[in-house]
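Each chain, letter by letter, is given below.
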Amino acid sequence: TGIAELRTAVESDNESQIATATANLQEAAYKLSQRLYENNAANPTGGDASANPDTTQAYNAADFEGEPSGGAAKNANDDVIDAEFKETK
């Protein structure tokens with residue numbers, strides 16, 4: 001695969017091989033993106049709902065296992081406030 005090729009190139013520390021492997025991986029990613037875009041354009045509703053779940057659904061932190069990375073667990077019903085502040089010295 002492209003990732004394995006890039007890993008091998010990085011381990012060899014050969015700049016030419018790294019550049020080639022990076023370009024190959026980037027091209028593969030572009031092709032994948034293009035196919036995803038074309039599939040979505042051809043079938044914007046997603047087809048079978050069980051095969052393609054709605055990815056626009058909002059999730060709460062409680063939907064995932066574990067504790068938030070900020071430390072203490074948060075209540076799923078907590079309101080989030082987005083604010084800006086200025087630091088004074």
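Bear in mind the structure is a predicted one, so any value in this text is a computation, not a measurement.

A.B. asks: Before we move on, can you summarise the overall build of the protein with the specific residues and values?
C.D. replies: Scanning the protein from terminus to terminus reveals two helices and zero strands. Per-residue burial over the protein gives 4% buried out of 89 residues. For the protein, the computed accessible surface area is about 8,500 Å², with 51% contributed by carbon and sulfur atoms.

A.B. asks: Quick rundown of unusual backbone geometry? Include the residues and the values.
C.D. replies: The residue Asp13 is not glycine, and still its phi comes out positive at about 60°. Within the fold, Asp13 resides in the loop between α1 (2-12) and α2 (15-42).

A.B. asks: If you had to explain the packing of α1 against α2 to someone new, which residues and values would you point to?
C.D. replies: For any two helices packed against each other, one specifies the inter-axial angle together with the distance between the axes. Two numbers describe how α1 lies on α2: the axes approach to 8 Å, and their chain directions differ by 165°. Relative to α2, the element α1 lies roughly antiparallel. As α1 packs across α2, the resulting crossing turns out to be left-handed. Contacts from Gly2, Ile3, Glu5, Leu6, Ala9, Val10 and Ser12 of α1 reach α2 at Gln17, Ile18, Ala21, Thr22, Asn24 and Leu25. Of the residues belonging to the contact of α1 with α2, the class tally is seven nonpolar, five polar and one charged.

A.B. asks: Can you explain the pattern of salt bridges? Please cite residues and give values.
C.D. replies: Summed over all chains, the structure comprises one salt bridge. The closest approach of N and O atoms between Lys31 and Glu27, which form a salt bridge, is 3.4 Å. Placement of the pair is Lys31 and Glu27 together in helix α2, with a separation of four residues, close to one helical turn. When its relative accessible area of 49% is taken as the criterion, Lys31 is described as partly exposed.

A.B. asks: Tell me about the environment of Gln26, residues and numbers included.
C.D. replies: One can find Gln26 in helix α2. Assessed through its relative accessible area of 40%, Gln26 is described here as partly exposed. The sequence separation of Gln26 and Gly2 amounts to 24 residues, and the corresponding C-alpha distance is 8.7 Å. Within polar-contact distance, the side chain of Gln26 engages the side chain of Tyr30 at 2.8 Å.

Calculation criteria
Residues numbered from 1 in each chain as written. Predicted model: local features only at pLDDT ≥ 70, side-chain atom pairs only at ≥ 80, totals over all residues. Heavy atoms only, no water. Helix = DSSP H or I, 4+ residues; strand = E, 2+ residues; numbered from the N terminus. Buried < 20%, exposed > 50% of the residue type's maximum accessible area, 1.4 Å probe, protein only. Areas by Shrake-Rupley, 256 points an atom, 1.4 Å probe, with all protein chains shown as cover. Axes fitted to C-alpha atoms, helices over the stretch in contact; angles between N-to-C directions. Parallel < 35°, antiparallel > 145°, perpendicular 65-115°, else oblique. Left-handed = near helix turned anticlockwise from the far one by under 90°. Contact = heavy atoms within 4.5 Å. Nonpolar A, V, L, I, M, F, W, Y, C, P; charged D, E, K, R; others polar. Salt bridge = Lys/Arg side-chain N within 4 Å of Asp/Glu carboxyl O. Polar contact = N/O pair within 3.5 Å; in protein donor to acceptor, adjacent residues only side chain to side chain.

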